[in-house]
Amino acid sequence: MADPDRPPAKDASPAPDAAPAPETAPPAVPVVAERGAPPPPTGVLGFLVRHQAIIVPLVAVVLAFAIGAILIRAQGFNPTYAYQLLFTHSFFTESGLLATLQKTTPLVLVGLAVAIPLKVGLFNIGGQGQLMAGGIGAAWVGYALRDLPAALLVVVAIAVAVLFGAMWASIAALLKTTRGVHEVISTIMLNSIAVGIIDWLINNGPLSDPAQPFPASHAVPEGARLTPLGVLPWGLPVALLLAVVVAWMLNRTTLGFELQTVGRNKFAAGYAGISATKTTLIAMAMSGALAGLAGAFELLQIEPYRYQNGIAGSLGFDGITIALLARGNPLGTIPAAVLVGAMRAGAPTLQFQVGIRPEVVDVLLAITLLMVSLPVIAKWIFRRHTVKQTQLAGSWGA
Amino acid sequence: MTQTTSEVRESPSSRETLLEIEGLSKSFGTVHANQDISLRVDRGEIVALLGENGAGKSTLVKQIFGLMTPDAGTISIKGDATRIKDPKDAIRRGIGMVHQHFQLVPVMTVAENMMLGHESAKGGILDLDGARRMVKELSAKHNLAVDPDAEIEDLPVGTQQRVEILKALSRKADLLILDEPTAVLTPQETDELLGVMKELAAAGTSIVFITHKLREVLAVADRCYVLRQGKVVGGVDDLSNTTTSDLASMMVGRDVVLRVDKAEATPGETVLSIKGLQVKDDRGLPAVDGFDLEVRAGEIVGLAGVEGNGQRELVESIAGMRPSVGGSVHLGKDDITRSNAHDTNNAGVGHIPEDREKHGLVGGWSIADNLVLNRYDEPPYAKGFVRDFGAVRENGVKLREEFDIRSPNVDVPAGSLSGGNKQKVVVAREMSARPRLLMAAQPTRGVDVGSIEFIHRRIVEARDAGAAVLLVSAELDEILGLADRIAVIHGGKVVAEVDGKDADRTEIGRLMAGDTDH
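Residues numbered from 1 in each chain as written. Chains lettered and ligands numbered in written order. Predicted model: local features only at pLDDT ≥ 70, side-chain atom pairs only at ≥ 80, totals over all residues.

Keep this limit in mind: UniProt positions are given in the numbering used here, feature names are shortened, and annotations may be inferred rather than shown by experiment.
An unreviewed UniProt entry annotates chain B as ABC transporter originating from Knoellia flava. Its UniProt record gives chain B a comment under Subcellular location (unreviewed entry), which states: "Cell membrane".

With an unreviewed UniProt entry as reference, chain A is termed ABC transporter permease, source organism Knoellia flava.

See the structure below:
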């Protein structure tokens, strides 16, 4: 697909200026000479610059696996064997593939929940909290309205989850637009607040199922459980479709233009009559809705179909890795989510079959995240060869 | 006593020469920011550098402070003509500079800021007491009251500036460069600063004072140099017999007005009507203060004024980008006082913003997208909420041709264009919408001569097509060349209105300087 953020390629040679000022008549207003873009780099560097949207994430992943190999070797295991086992299990066994795709579903959604705000210049760290809000919403409605017809119950539970996620994210957006609170701070705090509230709800609170030996909500009725069709979880096509919809929205609609204009130059956006307040609220609400939907699928399509501690895992945070790995591109979240999903799904096998601690996957993902943050550094190196106007979010996501 | 040559008569002074510049030139590409500049500053003197924006004042002092290297010429400090390597070198040689934008850390105290860069320590621990003592001693010595323990962000701007001056003095500066120090100050703070400058000079510190405010020059300076288009076009050795009009006529020059061919205006009905408008600046101080003006269809009204007299706030307020706190703005019969930028634009206001990089363009979007930046959601550029790239591109191709935008195609990012071509993109967008009111703020700032002509011709064409044009410019030449009627803004209100034909440059210069006495 066309990447609008691709640095200027060969057609961006410096614009020939208007008639040069004759020596005898300097311009009425002498100013620092403004120059057009420098000529695009050629050769190997040019190739790297043109394709950095793909090369940077690939290099990040390869480097992460290389460093991971050293760590596995240090534990006395064969890294080639470990990786082979990891991916064979994740992609070529039935249970492994199902687990991979079950992980991929929410990962695509939370990846999008981080990618959209990046386009507006916002960094949503709150995917985790928004996902949890959605999950607990689905758990609450799924049990409270258990007498509804199953199909209707699923729809209502998903709708409530989407709404809860959107509302949770909107708190951060409102704090930002009304009080100027930075969204990184507020979303991190809202993550902790979500943990605290849910802990109470399922421990001794109104949603707790006392029959369970550990804190948990009631399970949703059997009819409302989205058991997979073979290896295909119900949520996956929905998530993939939404990735396409988000890509379309960003690149083809007026709303997408508004969101990205604010992200690229909020002053020009103000001049053009695009409200930064409105775009902030919309982008965060959409993100929250997507993360909330991820929470609904976590609850409705994976055993034990009830909310208990740990069902959110670190999905929300993996979403950050995925969005950055995809460089903010909505369609890019799909391969990124498949990769992360496979690593998460295969981690237990490493332990059972080889004895490698599953935390090695956490380390791999952490290194990947570190490496994809390199675009900030890469951009700095490539700076002279790319279009100016790099904003922080731009260098992460765009 | 006014001379318009570049040689300033040697004053019969036996005082030590602190700074001497000879034949200094600096170019950026084809633009000559400084050309063959020579000047001198003696010990204990206040020397003003006077000139409009873009005259080359800042470039000149940046070279003195080692921030830029001259292309030709010498800068001697106390007779030493070796090249000034960097600001550190300049400071070591006794030069201190107070920038327009303060170089202070807001969350640190005055004493901590004073230490920054040359921290002294006792046994590995910062000697804050020493710094505090130093602040107290210096502020007592120079009569600059500052609390060493106050945090910078809590201090008013005038006091922050005082800290900057103290900082320079603490580095043993005997030549102080103040770059438009009064631009950010309230009138009271300005008076205080001028007092401080006099005291410093009396105590032997030399001051280079950059400004475009004539009254301040007359109030404190011993001598002054006038810069225009990168050259020293005049100097005054004895300011006691000089008036603001003398200075104004030197500052705006006597060059031939950039010729713009235009027919007599045939003004129609009133399009823009502003009554008693009040707008605050970013600091919350009144910037536009009871502004009245009418602009009719088919005429160009030029708003002349020294920058910082409320022009920016006025334009932003009309455009719906900044709320007003009083008064009204009508476009025809419509009240647009409280309209936002989107509605104002829809009502028929075209706006060429002062800062095209900041407001006028999104560098990352293509030229075609920038050409519909404020119409992206209207047909034919969007059908419902889906954008029509065919129509956007078609419009881009058409306007690129019509407005002579020099680019390989309309798909390249606007950020890759040269200044003149960027401005043509903005002009093309705003004019192609056929606005009822066209507001052009500094429309030719920083663009090449060819583009200036082009843009001027387009503005006249818009007028002839029946648009009301409000031209805001710090370039008096531009105003005189284009405007059918000239309003002079000073202190946020219109102080005079004159017919474009009878406009006298010196008279307007005087009015711009706020001199309305006779």
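Quick look at the overall build of chain A
What counts, and what does not: Every helix listed is a DSSP run of H or I at least four residues long, and every strand listed is a run of E at least two residues long, numbered separately from the N terminus. Using C-beta atoms placed from the backbone, we call a residue buried if 20 or more other C-beta atoms fall within 10 Å of its own, exposed if 12 or fewer do, and partly exposed for counts in between.
The helix and strand inventory of chain A stands at 16 helices and 0 strands. With 398 residues in all, chain A has 51% of them scored as buried.

Regarding the UniProt feature "transmembrane region" (unreviewed entry) in chain A
Residues and elements named next belong to chain A. In this numbering, the UniProt entry assigns the feature "transmembrane region" (unreviewed entry) to residues 54-75, 150-175, 184-202, 231-250, 271-297 and 363-382. Helix makes up 100% of residues 184-202 and strand 0%. Its end C-alpha atoms lie 27 Å apart. Taken end to end, residues 271-297 has its terminal C-alpha atoms 41 Å apart, with 85% of it in helix and 0% in strand.

Points about helix α1 (residues 57-64) of chain B
Given 3.6 residues per helical turn, the α-helix brings residues three or four places apart onto the same face. By the criterion of burial, α1(B) is predominantly enclosed, with 8 of the 8 residues buried. The positive-phi residue at the C-terminal boundary of α1(B) is B:Gly66, with phi of around 80°.

Some thoughts on the sheet that holds strand β15 (residues 300-304) of chain B
Residue and element names in this part refer to chain B. The test is simple: Here the rule is simple: two strands pair whenever DSSP picks up at least two bridges between them. Geometry is summarised by axes, namely lines fitted to C-alpha atoms with helices restricted to the contacting stretch, and by angles between N-to-C directions that run from 0 to 180 degrees.
With mixed pairing, the 6 strands of this open sheet are ordered in space as β18-β21-β22-β15-β23-β24. For this open sheet the edge positions go to β18 (349-352) and β24 (493-499), each flanked by a neighbour on one side alone. On average, each strand axis in the sheet is tilted by 20° relative to the strand beside it, whichever way the strands run. Alignment of strand β21 (residues 437-441) against strand β22 (residues 468-473), held across 5 bridges, turns out to be parallel.

Details of the domain arrangement of chain B
All names here are of chain B. Selection rule: Residue ranges for the domains trace back to a domain assignment, done automatically or taken from a database. Working definition of a contact: two residues with C-beta atoms, positioned from the backbone, lying within 7 Å.
Considered domain by domain, chain B is made up of domain 1 (16-94 + 174-251), domain 2 (256-348 + 435-518) and domain 3 (363-434). Across the boundary between the two partners, domain 2 contributes 12 residues, which contact 11 residues of domain 3. Of the residues forming the side of domain 2 that touches domain 3, the biggest block, 5 residues, is contributed by helix α15 (residues 449-464).

Details of unusual backbone geometry
The general pattern is negative phi for most residues beyond glycine and trans for most peptide bonds. For the bond running from A:Glu303 to A:Pro304, omega is 5°, close enough to zero to count as cis. Relative to the helices and strands, A:Pro304 resides in the loop between α11 (276-301) and α12 (315-325). Along the chain, B:Pro379 connects to B:Pro380 via a cis peptide bond; the corresponding omega equals 5°. Looking at where B:Pro380 falls in the secondary structure, it is placed in the loop between α12 (367-370) and β19 (382-383). Positive phi values are uncommon outside glycine, yet B:Lys78 reaches one of about 50°. Tracing the backbone through its elements, the reader meets B:Lys78 in the loop between β5 (72-77) and α2 (87-92).

Some details on the packing of helix α5 (residues 157-170) of chain B against helix α6 (residues 187-202) of chain B
Residues and elements named next belong to chain B. Short version of the rule: By the definition adopted for this analysis, an angle is roughly parallel if under 35 degrees, roughly antiparallel if over 145, roughly perpendicular if from 65 to 115, and oblique otherwise. A crossing counts as left-handed when the near helix is turned anticlockwise from the far one by less than a right angle, and as right-handed when that turn is clockwise. When residue character is reported, Ala, Val, Leu, Ile, Met, Phe, Trp, Tyr, Cys and Pro are called nonpolar, Asp, Glu, Lys and Arg charged, and the others, Gly included, polar.
For the pair α5 and α6, the least separation of the axes is 9 Å and the interaxial angle reads 25°. Taken together, α5 and α6 sit at an angle that is classed as roughly parallel. Handedness of the crossing formed by α5 with α6: right-handed. Seen from α5, the contacting residues are Val157, Gly158 and Gln161; seen from α6, they are Glu189, Glu192 and Leu193. For the contact of α5 with α6, a count of residues per class yields 2 nonpolar, 2 polar and 2 charged.

Some points on the environment of B:Ser451
Residue and element names in this part refer to chain B. Following the sequence through the fold, Ser451 ends up in helix α15. Taking the C-beta count within 10 Å as the criterion, Ser451 has 26 such neighbours and is therefore assigned buried. Along the chain, Ser451 and Asp404 lie 47 residues apart, while their C-alpha atoms are 9.4 Å from each other.

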